[in-house]
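Fold and contact review
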Amino acid sequence: MSPVELCWNITSYVSIVVQFVAAGICLGIFVSPYVPSRSKAVKAGAVYSVAVTVLYIMPPRIDNILAFFIGTLAAFAVMCAEDRRNISQKIFLSVNFFSLRWLSVSMAGIIDHFFDIVLLNPEIAAKVWLQYVLYVAVRILGILFSFLFLLLSVRAVNRAYESKDRYMEKRELVMLTVPSLSGIAGYAIFHFYQVKSEMAGFYDVLCFLYYLISVMAILVTVIIFQNWKTSQEEQSGHELLESQISTIKTHIGEIEKLYGDIRSLRHDMGNHIQMIERLMGTENTAGASAYLGRLKKEWQELTPEIRTGNPVSDMILLEKKKEAGMRGIRFECDFRYPENTKLDAFDVSVILYNALNNCMESVNGEKPYIRIQTFRKNSIFMLIISNSFEGRLLTNPADGLPYTTKQGGGHGIGLKNMLRVAKKYMGDLSFEQNGNEVTVGIMLQVA
């Protein structure tokens, strides 16, 4: 083998491996927003690159489509091993990347084909080293084109698909993977059923257009899906808000009834005092004691166990304390409603409802508990809610909110409603785990 032939072989070999590495980088970028940490995305991309490289090096050679399918399957297995949530979404990522990789590399390959025609020019072919240098340049351009096409494709899909932290249902998975599967089917047809050589130019243009349209079809489908998903979440948000308004109205009705009973008791207090005086005047101590006992019991029933300074928050916290008691959860409450502020009681109710509902869903452990505390310093009001939690809290780096593993539409809207209220008062939410305790902090500017 001549030196120039050896250089050609080495360059061809290295360029293919570099393409594998570039594809692995794109895979890591593609899955990064969907996994809990960047290291897991890097691991998936690295496993993909190593798998396809090993299959390329290791004899006997297998079909390219099968090799890349195995590489994608290996990356899928890594994602599932690192994070078992939302398997349907991981299938969506794997299928779409498999399709986008083939379509992008194929478009770059068609561009390379026109450069290869120049290399076959008899005048250039006669100068072997010049031809080799041009070949290296063509290979570098091919790698750059394929990397650029694939990177733009995955970034476009990621930008269009906003529901990254939402559970993907099977019907949604089917909707989002059909364009990718059709793109792969079209690639296979074009690849295995070549037209006559005299039509090669037209064939290449036709292939390029088909691959480009397939990528656009994937992107358009994701955009349509995301618009539908956003509309669905808005509707669910309105329904949740209406439900909370209805519940708060019920609480207001209970408060009005409670205040009516207290007013009645106060109105009759003179009669009660006269009755006790008569009983004491006749030295009926036992009767007076029993009468006082009944009066005390009635007063305790009318007086809330939790007094926050706001009747609506009183009723919400009493309801959650009762629910916690029925479930064997210790409920500690040190909530004080801030006085003389612009804070709307309805906004506080939205925060308390959603925060405590999330606590009730996630609290666990041998001795489960929920703890509520409030602090105020000047214009800053802090609401701290903690609960026991034996597990690992995973938060979405995009918005800082916990990932949801609960299936079904509408889940996670409560957290967004809490964040919306916090932003209204120029505040924020923060989630933190310390050992077996998870704490959510809500900061509000109330003055």
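Above this text sits the structure in question.
Let us look at the structure shown here.

Rules used throughout
Residues numbered from 1 in each chain as written. Predicted model: local features only at pLDDT ≥ 70, side-chain atom pairs only at ≥ 80, totals over all residues. Heavy atoms only, no water. Helix = DSSP H or I, 4+ residues; strand = E, 2+ residues; numbered from the N terminus. Buried < 20%, exposed > 50% of the residue type's maximum accessible area, 1.4 Å probe, protein only. Contact = heavy atoms within 4.5 Å. Areas by Shrake-Rupley, 256 points an atom, 1.4 Å probe, with all protein chains shown as cover. Phe/Tyr/Trp six-rings, centres within 6.5 Å; stacked < 30°, edge-to-face > 60°. Lys NZ or Arg CZ within 6 Å of the ring centre and 35° of its normal. Pairing = 2+ DSSP bridges. Axes fitted to C-alpha atoms, helices over the stretch in contact; angles between N-to-C directions. Parallel < 35°, antiparallel > 145°, perpendicular 65-115°, else oblique. Left-handed = near helix turned anticlockwise from the far one by under 90°. Nonpolar A, V, L, I, M, F, W, Y, C, P; charged D, E, K, R; others polar. Core = buried A, V, L, I, M, F, W, Y, C linked by side-chain atoms within 4.5 Å.

So, the overall build of the chain
What the chain contains, in helices and strands, is 13 helices and five strands. The proportion of buried residues among the 447 residues of the chain is 44%. A sequence separation of at least 24 residues applies to 72% of the contacts in the chain between residues at least 6 apart. Of the roughly 24,100 Å² that the chain leaves accessible, carbon and sulfur atoms contribute 62%.

Quick look at unusual backbone geometry
Of note in the backbone geometry, asparagine 340 takes a positive phi value of approximately 55° without being a glycine. Relative to the elements of secondary structure, asparagine 340 occurs in the loop between β1 (330-334) and α12 (345-362). Phi at asparagine 378 takes a positive value of approximately 60°, unusual for a residue other than glycine. Examined against the element boundaries, asparagine 378 turns out to sit in the loop between β2 (369-377) and β3 (380-388). Owing to a relative accessible area of 67%, asparagine 378 belongs among the exposed residues under this scheme.

Comments concerning the packing of aromatic side chains
Here the structure, examined in full by the defined rule, presents 15 aromatic pairs. Aromatic side chains tyrosine 13 and tyrosine 56 sit 5.7 Å apart centroid to centroid with 40° between the ring planes, which places their arrangement in the tilted category. Taken together, the residues span a long stretch of sequence, with tyrosine 13 in helix α1 (residues 3-31) and tyrosine 56 in helix α2 (residues 38-57) at a distance of 43 residues. Exposure remark for tyrosine 56: the relative accessible area of 16% places this residue in the buried category. Here the guanidinium or amino end of arginine 101 rests over the ring plane of phenylalanine 68, the centre of that ring lying 3.6 Å away. The ring of tryptophan 102 has arginine 101 lying over it, and the distance from NZ or CZ to the ring centre is 5.0 Å.

A closer look at the sheet that holds strand β5 (residues 437-445)
Sheet strands pair via backbone hydrogen bonds, and the direction of the pair is either parallel or antiparallel. Read across the sheet, five strands follow the order β1-β2-β3-β5-β4 without closing on themselves; strand pairing throughout is mixed. Sheet topology places β1 and β4 (428-433) at the edges, where each strand pairs with a single neighbour. Adjacent strand axes in the sheet meet at a mean angle of 15° when their direction is disregarded. Each of β4 and β5 is contacted by helix α13 (residues 413-424), which is oriented at about 130° to β4, the strand it contacts most.

Some thoughts on the packing of α2 against helix α3 (residues 64-82)
Packing of α2 against α3 brings their axes to within 8 Å, and their N-to-C directions diverge by 150°. Of the possible angle classes, the one that applies to α2 and α3 is roughly antiparallel. Relative to α3, α2 is oriented so that their crossing is right-handed. Contact residues: Lys40, Lys43, Ala44, Val47, Tyr48, Ala51, Val52 and Leu55 in α2; Ala67, Phe68, Ile70, Gly71, Thr72, Ala74, Ala75, Val78, Met79 and Glu82 in α3. Of the residues belonging to the contact of α2 with α3, the class tally is 13 nonpolar, two polar and three charged.

Focus: the nonpolar core
Formed by 48 residues in total, the largest nonpolar core has its most connected members in Tyr48, Phe92, Phe97, Tyr161 and Tyr211. Looking at this core, the elements with two or more residues in it are α1, α2, α3, α4 (87-119), α6 (128-160), α7 (170-192) and α8 (200-267). It is α4 that contributes the most residues to this core, ten residues altogether. The residues contacting tyrosine 161, other than those within four sequence positions of it, are Tyr34, Gln89, Phe92, Met168, Leu176, Val222, Phe225 and Gln226. Of all hydrophobic cores here, the second largest spans 36 residues; its members include Val312, Val348, Tyr353 and Leu444.

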